[in-house]
Amino acid sequence: MNIKIIEDRCTGCGLCVKVCPYNAIEIVDNLPIIKDNCIYCGECLRACKFEAMVLKKTEKREKDIASYQGVWVFCEQRNGQIQSVSYELLGKGRELAYKLNTELCGVLLGKNLKKDKVNDIIWRGADKVYLVCSEELADYRNEPYTKVLTDLIEEYKPAIFLAGATSIGRSLIPRVAVK
């Protein structure tokens, strides 16, 4: 999806900027520019009095659904401590993985995470853990976490991805889904 600006209708009034809950629009040369962190919620379209913005669906990419395998759980951590919701999701993920006869994987992002954290995830039912450690993943930030998760999903193609309905999960997963 993308948002198309109809330039001859746009006045550069900035209403779209004011209503965007993700700070994903800026006015440049009297026209709105949609940034990469847009999740296409549509608030800007509803606010535009001049109908100068249109949500365009891009062509669907044909995907080989059979190549998508496995159940993944985003193992959220804060200050190096895995959050309890991750363990709950690993339990549900294990049930799904058994039913689908596939593997359960945990995904852990952060900085300098210790090996015992990976072992905790395995002891809670994961067959495999994808661990990504980086300075920019030390604390949760939308863009780096979204990029890493999107890259992992595109490369390894899980059939199911579970994440907690925490403040981080509610911020991260819509962004990943849009990408």
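The rules behind the values
Residues numbered from 1 in each chain as written. Predicted model: local features only at pLDDT ≥ 70, side-chain atom pairs only at ≥ 80, totals over all residues. Heavy atoms only, no water. Core = buried A, V, L, I, M, F, W, Y, C linked by side-chain atoms within 4.5 Å. Buried < 20%, exposed > 50% of the residue type's maximum accessible area, 1.4 Å probe, protein only. Helix = DSSP H or I, 4+ residues; strand = E, 2+ residues; numbered from the N terminus. Contact = heavy atoms within 4.5 Å. Pairing = 2+ DSSP bridges. Axes fitted to C-alpha atoms, helices over the stretch in contact; angles between N-to-C directions. Arc of directions from axis to C-beta.

S.K.: Which residues make up the nonpolar core, and what values go with them?
M.R.: The nonpolar side chains of a soluble globular protein tend to be buried, and buried together. Counting residues in hydrophobic clusters, the biggest one holds 17 residues, and the most contacted among them are Val73, Cys75, Leu90, Leu104, Leu108, Ile121 and Val129. Where this core is concerned, the elements lending two or more residues are β5 (71-74), α3 (84-100), β8 (104-110) and α4 (115-123). The biggest single contributor to this core is α3, with five residues. Each residue touching Leu90, except ones within four places of it in the same chain, is listed here: Val73, Cys75, Leu104, Ile121, Arg124 and Ala126.

S.K.: Could you give an account of the sheet that holds β5, naming the residues involved and the relevant values?
M.R.: One open sheet holds the four strands; their spatial order is β9-β8-β5-β10, and the pairing between them is parallel. Because the sheet does not close on itself, it has two edges, and the strands there are β9 (128-133) and β10 (160-162). On average, each strand axis in the sheet is inclined to that of its neighbour by 20°, with strand direction left out of account.

S.K.: Residues and numbers for α4, please.
M.R.: Three or more residues of α4 are buried, namely Lys117, Val118 and Ile121. Buried positions in α4, seen along its axis, are confined to an arc of 100° and lie on one side of it. Those residues of α4 that are exposed and aimed more than 90 degrees away from the buried face are Lys115 and Trp123. In the core, the buried residues of α4 are packed alongside β7 (81-82), α3, β8 and β9. Just past α4, the residue Gly125 takes up positive phi, approximately 125°.

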